[in-house]
Amino acid sequence: MSSGFQPTPNMSLEQEAIHFRSLALQMQNQSDQALALLAFKNNSVSADPKGFLADWTPGNPCLCSWCGVICSPPGQVHALNFTNAGLIGHLAISISIISLS
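Quick notes on the rules
Residues numbered from 1 in each chain as written. Predicted model: local features only at pLDDT ≥ 70, side-chain atom pairs only at ≥ 80, totals over all residues. Heavy atoms only, no water. Core = buried A, V, L, I, M, F, W, Y, C linked by side-chain atoms within 4.5 Å. Buried < 20%, exposed > 50% of the residue type's maximum accessible area, 1.4 Å probe, protein only. Helix = DSSP H or I, 4+ residues; strand = E, 2+ residues; numbered from the N terminus. Contact = heavy atoms within 4.5 Å. Disulfide = S-S within 2.5 Å.

Peer 1: What am I meant to see in the nonpolar core here?
Peer 2: One broad rule of soluble globular proteins: the nonpolar side chains tend to lie buried together. Core analysis: the largest hydrophobic core is formed by 13 residues, its most contacted members being Leu 37, Leu 53, Trp 56, Leu 63, Trp 66, Val 69 and Val 77. For this core, the element with the most residues is helix α1 (residues 13-44), which contributes four residues. Look past the residues within four positions of Leu 53 in its chain and what remains in contact with it is Lys 41, Val 45, Asp 48, Cys 67, Phe 82 and Leu 87.

In structure tokens, the structure reads:
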């Protein structure tokens, strides 16, 4: 995953530090969102007969590419779309920690 950090010759050290901190927080938020989505998958989905959530794995860190995950331009989870997914299960309490932007 690319950090997107591209300092410019005109950036001061302070501006670079602020930009880097912002990117680090965004990456941490994406990591937290990925963990919440994986907890949802593991705790709520008892069957996935169509393999809809097959790419929802810790080995696939780009959660915006996960089936059914819709992200906003800065790469934050915006919505989940399980239309025609055929998932079987129940909504666990872990879904409450997913914050959609």
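Now, onward.
Peer 1: I keep staring at the state of the cysteines and nothing clicks. Help me out?
Peer 2: A covalent bond between the sulfur atoms of two cysteines is what we call a disulfide. Under the criterion given, the structure shown has one disulfide. Here Cys 64 connects covalently by a disulfide to Cys 71, the sulfurs 2.1 Å from one another. On the sign convention where negative means left-handed, the S-S torsion of about -100 degrees between Cys 64 and Cys 71 marks this disulfide as left-handed. You can call Cys 64 partly exposed: its relative accessible area is 30%. A disulfide-free cysteine, Cys 62 has its sulfur positioned 5.6 Å from the sulfur of Cys 64, the nearest such atom.

Nothing here speaks to function; it is all geometry.
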